Amino acid sequence: MSRVKAVTAGGLALFIAWSGGLRIGTCARPACVRAFIDNSKAGRQRYCSARCGNTDAVARHRQAANQPARNTARA
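Not measured: the values here are computed from a predicted model.

Draft legend 1. Molecular detail of the confidence of the model for the protein chain. Overall, the prediction assigns the protein chain a mean pLDDT of 85, with 89% of residues at 70 or greater. Here helix 1 (residues 2-19) is the element of the protein chain with the lowest mean pLDDT, 80, and helix 2 (residues 50-66) is the one with the highest, 94.

Okay, here's the thing in structure tokens:
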């Protein structure tokens, strides 16, 4: 088991050195504490997984649905 940890730590160290740490992020969902490696082409990944992204989108939708509707009628 210690060999697996050593190889994983070594790989992570190489990745951080190679990328300058720019591709490591933390999940944008407030209830999530996971870190992730951004492997998107644009380098703009916000969530650690699709599940966290969807959970956050649903929470934002429900919050917006519970807000009183603004009057958008024009005179």
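Structure shown, so let's carry the discussion forward.
Draft legend 2. Structural detail: helix 2. Between its first and last C-alpha atoms helix 2 spans 24 Å; for 17 residues at 1.5 Å apiece the expected length is 24 Å, and the two agree. Among the residues making up helix 2, those that are buried are C52, G53 and D56. For helix 2, the angular spread of buried residues about the axis comes to 100°, placing them on one side. Projecting away from the buried face of helix 2 at angles above 90 degrees are the exposed residues A50, R51, H61, R62, A65 and N66.

Draft legend 3. Highlighting the side chain of D56. Within the element layout of this structure, D56 appears in helix 2. Assessed through its relative accessible area of 11%, D56 is described here as buried. With residues near it in sequence (within four places) discarded, D56 still touches R29, P30 and Y47.

Conventions we followed
Residues numbered from 1 in each chain as written. Predicted model: local features only at pLDDT ≥ 70, side-chain atom pairs only at ≥ 80, totals over all residues. Heavy atoms only, no water. pLDDT = per-residue confidence, 0-100. Helix = DSSP H or I, 4+ residues; strand = E, 2+ residues; numbered from the N terminus. Expected span 1.5 Å × (residues − 1). Buried < 20%, exposed > 50% of the residue type's maximum accessible area, 1.4 Å probe, protein only. Arc of directions from axis to C-beta. Contact = heavy atoms within 4.5 Å.

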